[in-house]
Amino acid sequence: MSIQLSGLRAWTIQRISAIYIALFTLAVMVAVLFNGMPEDHQAWRALLSSPFINLSVMAFFLALLLHAWVGARDVIIDYVHPLGARFTVLALAAVFLIVCGLWAARLLLNLF
Amino acid sequence: MNSTLKRPRFLDLTKIRLPLPGIVSILHRISGVLMILAIPFLIWLLELAVSGQAAYEQAAAVADSLLFKLAAAVILWSLCHHLVAGIRYLLLDIDIGIERKQARQSAVGVFVISIALTILFLGVIW
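(A) The overall build of chain B, seen in detail. Along its length, chain B carries 5 helices and 0 strands. Mapped from its N terminus to its C terminus, chain B presents α and β elements in the order α-α-α-α-α. Compactness check: chain B gives a C-alpha radius of gyration of 20 Å against a globular reference of 14 Å for 126 residues, more than 25% above the reference. Taken along its principal axes, the extent of the C-alpha atoms in chain B is 70 × 30 × 25 Å. Classification of the 126 residues of chain B by burial places 21% in the buried group. Counted over contacts in chain B with a minimum sequence separation of 6, partners at least 24 positions apart contribute 74%.

Encoded structure:
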């Protein structure tokens, strides 16, 4: 399996995604402090339709889901010991994150 | 390997006194899990915000409810704690602040900065 997320690869993806998410979040925090939140639906649309913002948010969701998967996997493996239960909870977490990812992708692609 | 079986075990969670860096660590986990559970709500609100004025007003009404604000406060704290503690871990990864004394001081710093950030942004969203 070359796409499995474990060991050093998971560790590396966790850190790289963490750095992107942290920079993105800090940028959003600074923007909210200085500009406030978008005031109405037109402002939200305009914001998320700008290609730079749209792509940054898309990359954010990709990084978020990878980061969430590695973190959830660590937590589940630490606390859920019976193999059947562990497999079930891991599968539920994977489906949950993939559905979130597809949902966010549809939302952002519609605005691109 | 037999000797490992005789190690003393002390796993009474109500009596273990976790050092401060340990508390930062367990809260890093809890805040991470809380935020994962909040992801669908984030996307849902984002979708409402861009789906027309009526939907936007629905989202604004949801965001105005006390229940939402309490949940948002928990998630906001989760974000601030996870972010600040996460930066601390990234620094520890590259051997910055790895000594016990510094590690304990930076754990205090995580609480101070993350709670201050939470209060600051609570003022913005409340």
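Now, onward.
(B) Just the packing of helix α1 (residues 7–35) of chain A against helix α3 (residues 51–79) of chain A, in detail. Residues and elements named next belong to chain A. Close contact between α1 and α3 brings their axes to 9 Å; oriented N to C, the two are set at 140 degrees. Overall, the two elements α1 and α3 adopt an arrangement that is oblique. α3 is crossed by α1, and the crossing has left-handed handedness. Judged by residue contacts, A10, I13, Q14, S17, A18, Y20, I21 and F24 of α1 engage S56, A59, F60, A63, L64, L66, H67 and V70 from α3. The residue inventory of the contact of α1 with α3, partitioned by class, reads 12 nonpolar, 4 polar and no charged.

(C) Region of the structure containing the confidence of the model for chain B. Per-residue confidence for chain B gives a mean pLDDT of 91; residues scoring 70 or more make up 96%. Under the prediction, the complex receives an ipTM of 0.92, its pTM being 0.90.

(D) Region of the structure containing the interface of chain B and chain A. If you look at the interface, chain B gives 20 residues, while chain A gives 19 residues. Where the side of chain B that touches chain A is concerned, the elements lending two or more residues are α2 (20–50), α3 (53–64) and α4 (66–93) of chain B. Its residues placed into classes, the side of chain B that touches chain A shows 13 nonpolar, 4 polar and 3 charged.

(E) Here's a closer look at the nonpolar core. L64 of chain A together with A49 and C80 of chain B are the most contacted members of the largest nonpolar core, which has 34 residues in total. For this core, the secondary structure elements donating two or more residues are α1, α2 (41–49), α3 and α4 (83–111) of chain A together with α2, α3 and α4 of chain B. Here this core gets 9 residues from one element, more than from any other, and that element is α3 of chain A. Non-local contacts of A49 of chain B, meaning those with residues more than four positions away in its chain, are made with H41 and W44 of chain A together with Y56 and A59 of chain B.

(F) Looking closely at the packing of α2 of chain A against α3 of chain A. Residue and element names in this part refer to chain A. Axis separation between α2 and α3 bottoms out at 5 Å; the angle between their running directions is 80 degrees. Classified by the angle between their axes, α2 and α3 sit roughly perpendicular to one another. On α3, the residues touching L47, L48 and S49 of α2 are I53, N54 and V57. Residues of the contact of α2 with α3, tallied by class, amount to 4 nonpolar, 2 polar and no charged.

(G) Structural context of α4 of chain A. For α4 of chain A, spanning 29 residues, the distance from its first C-alpha to its last is 42 Å, which sits close to the expected 42 Å at 1.5 Å a residue. Among the residues of α4 of chain A, those classed as buried are A104, L107 and L108 of chain A. Residues of α4 of chain A that are buried sit in contact with α2 and α3 of chain A together with α2 of chain B.

(H) Looking closely at the environment of A46 of chain A. All names here are of chain A. With respect to the helices and strands, the residue A46 is situated in helix α2. Note on A46: 14 C-beta atoms within 10 Å, which makes it partly exposed. A C-alpha to C-alpha distance of 8.9 Å links A46 and L111, two positions 65 residues apart in sequence.

Basis of the calculations
Residues numbered from 1 in each chain as written. Chains lettered and ligands numbered in written order. Predicted model: local features only at pLDDT ≥ 70, side-chain atom pairs only at ≥ 80, totals over all residues. Helix = DSSP H or I, 4+ residues; strand = E, 2+ residues; numbered from the N terminus. Rg over C-alpha atoms; globule rule 2.2 N^0.38 Å. Buried ≥ 20, exposed ≤ 12 C-beta atoms within 10 Å, placed from the backbone. Contact = placed C-beta atoms within 7 Å. Axes fitted to C-alpha atoms, helices over the stretch in contact; angles between N-to-C directions. Parallel < 35°, antiparallel > 145°, perpendicular 65-115°, else oblique. Left-handed = near helix turned anticlockwise from the far one by under 90°. Nonpolar A, V, L, I, M, F, W, Y, C, P; charged D, E, K, R; others polar. pLDDT = per-residue confidence, 0-100. Core = buried A, V, L, I, M, F, W, Y, C linked by C-beta atoms within 7 Å. Expected span 1.5 Å × (residues − 1).

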